[in-house]
Amino acid sequence: MAYQLTHLAGPVASLVGSDRLAEHLEVQDVRIQRDRREPLLLTSGETLEGHHLSGTYTLLVKPPGSRRPYRRKGDPFQLTLARQKVKQAESQGPTEQWLLAYASAGGKRWEVVNFLPQPAPPSEVSPEEAETPSSGASAS
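Residues numbered from 1 in each chain as written. Predicted model: local features only at pLDDT ≥ 70, side-chain atom pairs only at ≥ 80, totals over all residues. Heavy atoms only, no water.

1. Focus on the confidence of the model for the protein
Worth spelling out the cut-off: Predictor confidence is given residue by residue as pLDDT, running from a minimum of 0 to a maximum of 100. The criterion used for residue contact is that any of the two residues' heavy atoms lie within 4.5 Å.
In the predicted model, the protein carries a mean pLDDT of 76, and the fraction of residues at 70 or more is 64%. Considering only residues more than four positions removed or in separate chains, one finds that residues 125-140, a stretch of pLDDT under 50, has one contact.

What follows is the structure, given as structure tokens:
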């Protein structure tokens, strides 16, 4: 929901400054009241398991320069998610990812957006080593 709220389309996006909107919004108290499942035919031709969700949420808006946030409770929402199985290395086995789905212009197929950030790759340096300055560094 936060992704949809902060990635507005068309002229409205430039009007509200959606490029900085995410840092001022927080979605809370999400209550899913309905989860209707059906296969989604994507514009790519792939079929994924779809979940049409509806329910309510609370939106917390923290305006810049204001000490007091604005809270709207019980706003209704509807969104569609697609579940995609992702192949990993053979040793790890398959995993899944969730994609935000939008009906295409014709309404018979679906477009998907990967709205979750990718996890950071595992670090090859331990946290202790990362905090210790390298021995070759000189103080200026």
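2. Re the environment of E96
Note the cut-off: Put simply, DSSP H or I for four residues or longer makes a helix, DSSP E for two residues or longer makes a strand, and each gets a number counted from the N terminus. Residue burial is assigned from relative accessible area. The probe radius is 1.4 Å, only protein chains are included, and a residue is buried under 20% of its type maximum, exposed over 50%, and partly exposed in between.
You can see E96 is positioned in strand β4 (residues 95-103). For E96, a relative accessible area of 37% corresponds to the partly exposed category. The spacing of E96 and K85 is eleven residues in sequence and 4.2 Å in space, taken between C-alpha atoms. E96 has contacts with R83, Q84, K85 and V86, leaving out every residue within four places of it along the chain.

3. Quick look at the nonpolar core
Just so we agree on the cut-off: Working definition of a nonpolar core: buried Ala, Val, Leu, Ile, Met, Phe, Trp, Tyr and Cys residues. They are joined through side-chain atoms within 4.5 Å.
If you look at the biggest cluster of nonpolar residues, it comprises eight residues: L25, L53, Y57, L59, F77, L79, L81 and L100. Broken down by secondary-structure element, the contributors of at least two residues to this core are β2 (47-61) and β3 (70-86). Judged by nonpolar contacts, the second largest core, of seven residues, contains L40, L48, L99 and A101.

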